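# Observations on the three-dimensional arrangement
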Amino acid sequence: MAENNLRVLLRARPKGRPGPEHFELSEGPRPSPVKGEVLVRHRYLSLDPYMRGRMDDAASYAKPVPLGGVMEGECVGEVVESQHPAFAPGDWVGGARGWQRYSVASGGSLLKLPKEGGVPPTAWLGVLGMPGVTAWVGVTEIGQPRPGETFVVSAASGAVGSVAGQVAKQMGARVIGIAGGPEKCRYVTETLGFDACLDHRDDLEAALDAACPEGIDVYFENVGGAVQAAVFPRMREFGRMAFCGTVATYNVRPLPPGPNLSSINRKRLRLEGFIISDHPRAWPVWRQRGAAWIREGRLKWKEDVVQGLEKAPEAFIGLLEGRNFGKLVVAL
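Calculation notes
Residues numbered from 1 in each chain as written. Predicted model: local features only at pLDDT ≥ 70, side-chain atom pairs only at ≥ 80, totals over all residues. Heavy atoms only, no water. Helix = DSSP H or I, 4+ residues; strand = E, 2+ residues; numbered from the N terminus. Rg over C-alpha atoms; globule rule 2.2 N^0.38 Å. Contact = heavy atoms within 4.5 Å. Areas by Shrake-Rupley, 256 points an atom, 1.4 Å probe, with all protein chains shown as cover. Lys, Arg positive; Asp, Glu negative; His and termini not counted. Charge placed at Lys NZ, Arg CZ, Asp CG, Glu CD. Buried < 20%, exposed > 50% of the residue type's maximum accessible area, 1.4 Å probe, protein only. Pairing = 2+ DSSP bridges.

Our focus in this paragraph is the overall build of the chain. Scanning the chain from terminus to terminus reveals 9 helices and 15 strands. In terms of overall dimensions, the chain is globule-like: its C-alpha atoms have a radius of gyration of 20 Å, near the 20 Å expected for 332 residues. In terms of its C-alpha atoms, the chain occupies a principal-axis envelope of roughly 65 × 45 × 35 Å. Taking the contacts inside the chain whose residues are at least 6 apart along the sequence as the reference set, 67% of them involve residues at least 24 apart. Only carbon and sulfur atoms are counted for the fraction: they give 51% of the accessible area of the chain, which is about 15,100 Å². Side chains of the chain give 40 positive and 36 negative charges; the mean places of these two sets differ by 3 Å.

Shown next, in the form of structure tokens:
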């Protein structure tokens, strides 16, 4: 008998921190593809901070998840049935969507994953997927660190921050990570090869002064909040700040006041927010570059894998609180 389609739906919109009551498990028949479409059995689901914004009914760069709709998220999985000539049952693909066991997608929206090359399927959700491309764009197109400059990245052990720091290191920068707890900081320096990693739970301002005595040239922002407040006054003249996300504020209502921006003119700072969907040409560039670095042993990554789709809400809540260690993935 065919497996039913287990799904996680958005039951209610949170006013602050999401809880189990905002999600609902639902089971129904699996969908069927029509001409040009592919039925995918999801094997891994990516959990990412941006999903918190999709739970709100507010103007943004993407439509919110409707109440009663399937939670948004990217998956990799196996083709079960194909009505598209480029795909056959058994192919592994990326680009399937939703917190669910099955989905139907147009063939043009899917990426056929290579069967060889030593890269696991989950890498296409993290280091070679959206987080990796995001890091690549933020560093190479916005931050543009030069050899010898000081590059600081928050959430340095996470899916985006870990890649951003490694890219900056390849470009010759002195890389300082910020992470939560000694275990994550050791990983950032000993495994990823950053020059230092500061624990934001300690006296971050004093630690930044010690690690960056001449100031900060490039800051890759993933966190916001108190971390951003500590970094901002330590930016050097002509510094660049790539704003990827501010996860520390995603559950805060109302939003806290921002820093004093008068130094933007005085220091001639460049601040730029970016959304990776605005950079489609970067995807193939990073996939090729990142895969080569993996084969050469020059790119490291860590995954935090949760077993079972029913555990996705709890894991996502933990992600927003910094409880994960590495790229958070759900195995279905």
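Let us keep going from here.
So, about the pairing of strand β8 (residues 150–153). Regular strands have side chains that alternate between both faces of the sheet. Of the two faces of β8, the one holding T150 and V152 and the one holding F151 and V153 are both buried throughout. In this sheet, strand β9 (residues 174–179) lies alongside β8 in parallel orientation, the contact comprising 4 bridges. For T150, the partnering residue across the bridge sits in β9 and is R174. Where β8 meets strand β11 (residues 216–221), 3 bridges bridge the pair, whose relative direction is parallel. Residue V152 lies in a different strand from β11, and its bridge partner there is Y219.

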